[in-house]
Amino acid sequence: VFAQKKNGLSRIIATLANKNEELQNFIETLNHTLGRVQVNSTQVVSDLEEEFDTVYSILDEMKESMINTIKQETVRKSHELQNQLTQSTNALESAEELLEFANNALHIADEGEFTKAAKQIKDRVTMAPAFRLTMKPKATDNMTHLMVDFSQERQLLQGLKFLPVPRAPEIVLGDCLVIDNEVTVTWRIPVEDSKIDHYILEYRKTNHEGLPRVKDEQCWEVVDNIKTSEYTLQGLRFDTKFMNFRVRACNKAAAGDYSDPVTLETRAFNFGFDSTSSHLNLKVEDRSVEWDPQGGKGVDSKVKGKENKGRSGTPSPKRTSVTRSPAPRGARDRFTGESYTVLGDTSIESGQHYWEVKPQKDCKSYSVGLAYRNLGKFDQLGKTNTTWCIHVNNWLQNSFAAKHNNKAKNLDVPVPDSIGIYCDFDRGQLSFYNAENKQLLHTFKVRFTQPVVPAFMVWCGGLTLSTGLQIPSAVRSFQKTENGLGGSNSRILHPKMKILSLITYPHVFPNHFTI
């Protein structure tokens, strides 16, 4: 009874701790949002002032242009009228002088003089400017053709409002799909909006379940200009337990609010090479291992073992003196002698896992499989009862075989460019696949008595490791068929997600036997 009460209290404590963590995350979100409100408010005010300044600038430019047009018209009309005025004034003076001359001619008594004066007057009248001028102004005083009607523009300005922003989309969690290292995210708009031009999807990796955290270690990745309400991210490496997603709609003018974020589970087996275990002739990096004939040279001490005597199934170069480098405290000894081996740095103790290995094209010999961590430093993969592997030999005589406990079974299939390794620890199953077409190459049936680790051997070449991979749907489907599991092939991707059906592919499955 006391133990039950204690367990009950422990559950309550765990629930309170989780709630406290949720509240802390929510408070951080509120503080972050509050700060962003001030920042964004300042930004939109600045943008608004910039827009109005732009409008003012345009109006000032238009005003200056129109004023210049009015001034030019005023100068043109004034010039025309001034010329007419000058010409008319000169004509008037000439006419007044001729009129006075004519009046004086009336008083000439001598007929001859009178006739002469009359002839002059007639000639001058014929050529007088007053009779050649147009008595109509060349320009009017009307300037109404340069008036501006701002009534429509005024109505537009008075009707000026903030831009219409699309509503936040809603991610349809039940229609989201996580399969074969691809994530399909589906969303909808609560109210139909024909003005939406495109969507922006953002995602980031995280190891925290639930709502995204403000202080998460990962940055949001952005996929822009999505024209449909669904998008699939392909070729992902699942190196975190979860991924956060959010989406926003955009019209031609502005982007709307983000949808409520969702978290999808993206668990996969992630590991690297354990460099503390690797043979000195192997150059180990995080995702690759390569044969290095110069490794360990120059070391004085020699390491010999009886396991090195006799003919070995693994080809080796001319034997050289090698030594075991000091390993960190608590780490296993390095492999040595002709065991050109390196182990994975993560043990498998339960569950189903999958990873892939791609050899270099000119690699002469390599093996991939599983081993117990207590594998001896002179032991070679496939030659003990604690290792299971498939071995490829391209040196002298080509071979492709499954090996365990110093027994080999030749595999009558082409050597693939890349090999997929599937381990179901609880069911005691280790299978190898062509990573490209998921053709089964070989299966070991084993009852594992202790945790196992991925194991690799390489000579005169190199291997590239791919982890963070989901179990491919074709592999999962085949394994369920082989294990006699009926019903639909399904996988729960998230506690709140519906069960999603997987696709089943037909394949050829040779070399399935038990050692």
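Residues numbered from 1 in each chain as written. Predicted model: local features only at pLDDT ≥ 70, side-chain atom pairs only at ≥ 80, totals over all residues. Heavy atoms only, no water.

Per an unreviewed UniProt entry, the protein chain goes by Fibronectin type III and SPRY domain containing 1-like and derives from Cyprinus carpio.

Colleague: Mind showing me how you'd approach the sheet that holds strand β11 (residues 341-343) here?
Modeller: Two orientations exist for strands paired in a sheet by backbone hydrogen bonds: parallel and antiparallel. In space, the 6 strands of this open sheet follow the order β11-β20-β13-β14-β15-β16, with antiparallel pairing throughout. The open sheet has two edge strands, β11 and β16 (407-410), and neither has a second partner. Direction aside, the axes of adjacent strands within the sheet are offset by 20° on average. Where β11 lies against strand β20 (residues 452-459), 3 bridges are found, and the strand directions are antiparallel. Across the sheet, residue L343 finds its bridge partner in β20, namely A455. (Pairing = 2+ DSSP bridges. Helix = DSSP H or I, 4+ residues; strand = E, 2+ residues; numbered from the N terminus. Axes fitted to C-alpha atoms, helices over the stretch in contact; angles between N-to-C directions.)

Colleague: In this structure, what is going on with the pairing of strand β7 (residues 242-250)? I would like to understand it.
Modeller: Both faces of the sheet carry side chains from a regular strand, because those side chains alternate between them. Counting buried residues in β7 gives 8 out of 9 residues, a clear majority hidden from the surface. Relative to β7, strand β4 (residues 198-206) runs antiparallel, the two sharing 9 bridges. By the bridge assignment for β7, Y199 is matched with A249. (Buried < 20%, exposed > 50% of the residue type's maximum accessible area, 1.4 Å probe, protein only.)

Colleague: Sorry, what's going on with the sheet that holds strand β12 (residues 352-359) here?
Modeller: Taken in spatial order, the 7 strands line up as β9-β10-β21-β12-β17-β18-β19 in an open sheet, and their pairing is antiparallel. One side of each edge strand has no neighbouring strand; the edge strands of this open sheet are β9 (282-284) and β19 (440-445). Within this sheet the neighbouring strands show an average axis-to-axis angle of 20°, counted without direction. Where strand β10 (residues 288-291) lies against strand β21 (residues 462-466), 3 bridges are found, and the strand directions are antiparallel. Looking at β21, one finds that E290 is bridged to G462.

Colleague: Even after reading the chapter, I still don't get unusual backbone geometry, so can you show me in this structure?
Modeller: Backbone phi values are negative for most residues with the exception of glycine, while trans is the configuration of most peptide bonds. The backbone of D180 shows a phi angle near 50°, a positive value even though the residue is not glycine. In this structure, D180 sits in the loop between β2 (177-179) and β3 (182-188). Look at D180 and you get partly exposed, because its relative accessible area is 31%. We note that L396 has phi near 65°; this positive angle belongs to a residue other than glycine. Turning to its location among the elements, L396 is positioned in the loop between β14 (387-393) and β15 (399-404).

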